[in-house]
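Here is what each chain is made of, one letter per residue.
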Amino acid sequence: MTRYLITYPKGQGEDVLVEDEQLELTIAQGWAVLTDQHGACVALPSHAGATITRIDEADAAD
């Protein structure tokens, strides 16, 4: 399963784990957009200061 961990700078938002079999990350025009088979599910502007890290199941088992 594809997973992305969205981490915000301290005090600027709660961290979020997004997971879906068909999840894809696209970065364009100052936005990071996570989409699945139904369309966009999370959109973050670049100025939000968030870090997006892909975490696959193999990584989580370590």
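Residues numbered from 1 in each chain as written. Predicted model: local features only at pLDDT ≥ 70, side-chain atom pairs only at ≥ 80, totals over all residues. Heavy atoms only, no water.

## Some words on the confidence of the model for the protein chain
Line of reasoning, step 1. For the protein chain, the mean per-residue pLDDT works out to 88, and 92% of the residues sit at or above 70.
Line of reasoning, step 2. Across the protein chain, strand β4 (residues 31–36) holds the top mean pLDDT of 96, while helix α1 (residues 57–60) sits lowest at 59. (pLDDT = per-residue confidence, 0-100. Helix = DSSP H or I, 4+ residues; strand = E, 2+ residues; numbered from the N terminus.)

## Let's talk about the sheet that holds strand β6 (residues 51–54)
Across a sheet, strands are paired by hydrogen bonds formed along the backbone, either parallel or antiparallel in direction.
Line of reasoning, step 1. The antiparallel open sheet is built from 3 strands, whose spatial order is β2-β1-β6. The open sheet has two edge strands, β2 (16–20) and β6, and neither has a second partner. Between one strand axis and the next, the sheet turns through 20° on average, direction left out of account. (Pairing = 2+ DSSP bridges. Axes fitted to C-alpha atoms, helices over the stretch in contact; angles between N-to-C directions.)

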